[in-house]
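# Understanding the architecture of this molecule
Take a look at the letters that make up each chain.
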Amino acid sequence: MGHVLTPFLEPQKVAVVGVSKTINKPGYIILKNLKEFGYSGEVFPVNPMGGNILGYEVYKSLEDLPDNIDLAVSLIPADETIELLKQCAEKGIMNVLLVSGGFSESGEKGVQLQNDVVELARQNGQRLMGPNAVGPVNTVNNLVLPFYPIEYLHKGGASFVSQSGQFCCPVLEFSNSTLQLGASKSIDLGNCCDIDESDAMEYLVEDPQTSVISIYMESIREGKRFWEVSKEVAPKKPVVVFKTGRTEEGLKTASSHTGAIAVDDTVFDAALRQSGIIRAGELEEFLDFTKTFDFLDLPKGNRVAIITFSGGIGSIVADACESSGLKLAQFSKDTTEKIRPILPPSTRISNPLDCFSAGVATDMAGVYGVPIKAFMEDENVDIILSCFMVNRIWPIDFNRLADELKPLQTKPLAAWIVGGDDLMREATRTLDKKRIPVFASPERAIRSLGALWRYSFSSGK
C-alpha cells in the first residue's frame, strides 16, 4: 500500500463535486487550473445540471462516474458532507478533499459537524484532507487543485505544508515569481480533521523531488506523534516551521479560521530544538530559510568569508555572524596572495574584505570574482557572503560572474545587493536563477546561512 497522501497528490482519476460555469467560482477555477497546467490524470466534474465546462464532460451525480476514482474534491456546503461521504463510500471513493468551510472554525455547531464527518469517514475506511482546505499542488504531475487562480508555478525542491486555507497559494506564487523558488508540492491541510502535518512530513521525506519541507502551523493535533515523526524526518531532510499563535491574540485569530487548539509556545520551541527542526520567527525568515535550504548545499563548518564595498556594512555583517553562530574565517596566506593583485596596493586584506577601502577597482567582476574563487579554494572558509553595490557607472556582469563561479562552487555562496531598484531587481533575478540566493539584507542572509550551518551540525551531515 502507498502512503495515505499518495491518492491526494498522485491520483490518476479526480472527481470535482460542485463545479460551476461561473468563472470566478471555486469549482470553475479548479477545473481551469487543472486544464491550464496540464494535469496528467483524468478529471470528472460533477454537477446536477450536467453539460460541459472547459471541455470537460460534467456528470450529473456520483453514481454516473466511472469506477476507480482515486480522489473526490468536495465543494458542496458543509451540511451536505455527511450525505456526500455516504455516496462516495457506495461508489468506492475512499479519499475526499473537503474544500468547504463551516466546520470547527465556525463555532460549536461546526465542531460537532466536523466530529460527525470524521466518525463516519472512519467507519467507512475513508481518509479526509481538510475541511476548510485549499487543494494540493504537485508539480511533478501538474496536479493543481486549489480554487485560487494560480499564474506563477514552476518546479523546484521546496514543499510547503499549511494549516491555513489561503496561506499556501499566495505564498507559493510569491516564492515562484519573486524569489525564483520553485516548488515540488503544496499541501494545505485546513482544519486537519484527519490527515495532518505528521502525515505530510512522512510523505515528503520520501519524496525525491522535495529538498526542504516548510510548514506553516497554528496548532498540533497529535503532539506525541508529531514529535516522534519530527525526530525521524529532521535528520534526513531539513524541516522549517513557522508557527503562529505565540500570543493570546495570535491564537485567538488562528482559532477563528481553523479552530486551532492552544499549545504552550515555550514547550513547543524546546521540542522543535530537540527534534532538529528549524524554527522561523517571522514570514520573511520562513521564506529565507526555505530558499537557503533549497538552493545551497550544507556547509562543513561555520567559518564565513565576507566581501563588502563598505567598512560599515562589514561591521553589520560581523555583528550578525556572532548572533547567528557563525565565525569570521581567517584567510590563508595563499588566499591573500591571490586577492592582492586585483585591488589597489594599499587595500587591507582582512575579513570582512572591504574591496573599496582604498578606492574603486577597474574590473568590477574581478573585484568580486577573484576573492570568491580564492575563498572556494581556502580550507579555512566554509561559507561565503558577497555584498554587491550596483550602479551604472561601475557595472557588474552578473551572468558572467555566476557562470565563471559555477564550476568552482563547492561551498554555500549567498549574496546581498543594494542600489537602484531596477538594477537590484535585474541582478537579483540573474543570481537567483543561477542558484545563488539573494537576500533583502545582509542580516537576513547571515541568519539564513546560520540556520544552514546549525542544521548541518545537528544532523551530522
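These notes cover the structure that comes with them. This structure is a prediction, so every number in the text was calculated from the model and none was measured.

One pass over the full model with this rule turns up one cavity of 30 Å³ or more. There is about 40 Å³ of room inside the largest cavity. Around the largest cavity sit Ile372, Ser386, Phe388, Leu401, Leu405, Leu413, Ala414, Ala415, Leu431 and Ile436, which together line it. Elements supplying a minimum of two residues to the lining of the largest cavity: β18 (383-390), α14 (398-405) and β19 (413-419). Sorting elements by how many residues they give to the lining of the largest cavity places β19 first, with three residues. The residue inventory of the lining of the largest cavity, partitioned by class, reads nine nonpolar, one polar and no charged.

In a regular helix each residue adds 1.5 Å, so 13 residues correspond to 18 Å; helix α11 (residues 311-323) covers 19 Å between its end C-alpha atoms and thus fits that length. Every buried residue of α11 is listed here: Ile313, Gly314, Val317, Ala320 and Cys321. Viewed along the axis of α11, the buried residues span an arc of 125°, placing them on a single side of the element. Within α11, the exposed residues directed more than 90 degrees away from the buried face are Asp319, Glu322 and Ser323. Looking at the buried positions of α11, the neighbouring elements they touch are β15 (303-308), β16 (327-328), β18, β19 and α16 (442-459). The residue sitting at the N-terminus of α11 and contributing the capping side-chain oxygen is Ser310; that oxygen lies 3.1 Å from the backbone nitrogen of Gly312.

For the rest of this paragraph, the subject is the sheet that holds strand β12 (residues 212-217). The seven strands are arranged β9-β8-β11-β10-β12-β13-β14 in an open sheet whose pairing can be described as mixed. The open sheet has two edge strands, β9 (143-144) and β14 (278-279), and neither has a second partner. Alignment of strand β8 (residues 137-138) against β9, held across two bridges, turns out to be antiparallel. Within β9, the residue paired with Asn138 across the bridge is Leu143. Along the sheet, helix α10 (residues 283-295) contacts β10 (155-162), β12, β13 (239-243) and β14; its crossing angle with β12, the most-contacted strand, is approximately 165°.

What follows covers the sheet that holds strand β7 (residues 127-129). Read from one edge of the open sheet, five strands run β2-β1-β5-β6-β7, paired in parallel fashion. Both outer strands of the open sheet, β2 (42-46) and β7, are each paired with one neighbouring strand and no more. Here the strands of the sheet are splayed against their neighbours by 20° on average, with no regard to which way each runs. The sheet contact formed by strand β5 (residues 71-74) and strand β6 (residues 95-98) spans three bridges and is parallel. Across the sheet, Val73 pairs through a bridge with Leu97, a residue of β6.

When you line up the elements, Ser275 lands in helix α9 (residues 265-275). Judged by relative accessible area, which is 6%, Ser275 ranks as buried. As a C-alpha pair, Ser275 and Trp227 span 48 residues in sequence and 6.9 Å in three-dimensional space. In this structure, Ser275 is in contact with Ser230, Lys231 and Ala234, ignoring residues within four places of it in sequence. Here the side chain of Ser275 touches Leu272 through a polar contact of 2.9 Å, landing on its backbone oxygen.

Turning next to unusual backbone geometry. Cis geometry is adopted by the peptide bond preceding Pro131, which originates at Gly130 and carries an omega value of -5°. One can find Pro131 in the loop between β7 and β8. The phi dihedral of Asn68 falls on the positive side, at around 65°, and the residue is not glycine. Relative to the helices and strands, Asn68 resides in the loop between β4 (56-57) and β5. Despite not being glycine, Asn132 shows a phi value in the positive range, around 60°. Among the secondary structure elements, Asn132 is positioned in the loop between β7 and β8.

Among the surface-exposed residues, Glu63, Asp64, Glu83 and Glu90 lie close enough to one another that they form a single negatively charged patch. Residue position: Glu63 is located in the loop between β4 and β5.

The topology assignment puts Phe457 in helix α16. Of the residues examined, Phe457 reaches a relative accessible area of 60% and is grouped as exposed.

The subject of this paragraph is the packing of α10 against α16. A pair of packed helices is characterised by two quantities: the angle between their axes and the separation of those axes. At a closest axis distance of 9 Å, the pairing of α10 and α16 adopts a crossing angle of 55°. With respect to each other, α10 and α16 are oriented oblique. Two packed elements cross with a definite hand, and for α10 against α16 that hand is right-handed. Across from Glu284, Glu285, Asp288, Phe289, Thr292 and Phe293 in α10, the residues of α16 making contact are Arg444, Arg447, Ser448, Ala451, Leu452 and Tyr455.

So, how was this worked out
- Residues numbered from 1 in each chain as written.
- Predicted model: local features only at pLDDT ≥ 70, side-chain atom pairs only at ≥ 80, totals over all residues.
- Heavy atoms only, no water.
- 1 Å grid on protein atoms, 1.4 Å probe; cavity = no way out; pocket = protein on both sides within 12 Å on 5 of 7 lines; lining within 4 Å.
- Points joined across faces, edges and corners; volume = space filled by probe spheres on them.
- Helix = DSSP H or I, 4+ residues; strand = E, 2+ residues; numbered from the N terminus.
- Nonpolar A, V, L, I, M, F, W, Y, C, P; charged D, E, K, R; others polar.
- Expected span 1.5 Å × (residues − 1).
- Buried < 20%, exposed > 50% of the residue type's maximum accessible area, 1.4 Å probe, protein only.
- Arc of directions from axis to C-beta.
- Contact = heavy atoms within 4.5 Å.
- Polar contact = N/O pair within 3.5 Å; in protein donor to acceptor, adjacent residues only side chain to side chain.
- Pairing = 2+ DSSP bridges.
- Axes fitted to C-alpha atoms, helices over the stretch in contact; angles between N-to-C directions.
- Patch = residues over 30% accessible without salt bridge, like charges linked within 9 Å, V, L, I, M, F, W, Y side chains within 5 Å.
- Areas by Shrake-Rupley, 256 points an atom, 1.4 Å probe, with all protein chains shown as cover.
- Salt bridge = Lys/Arg side-chain N within 4 Å of Asp/Glu carboxyl O.
- Lys, Arg positive; Asp, Glu negative; His and termini not counted.
- Charge placed at Lys NZ, Arg CZ, Asp CG, Glu CD.
- Parallel < 35°, antiparallel > 145°, perpendicular 65-115°, else oblique.
- Left-handed = near helix turned anticlockwise from the far one by under 90°.

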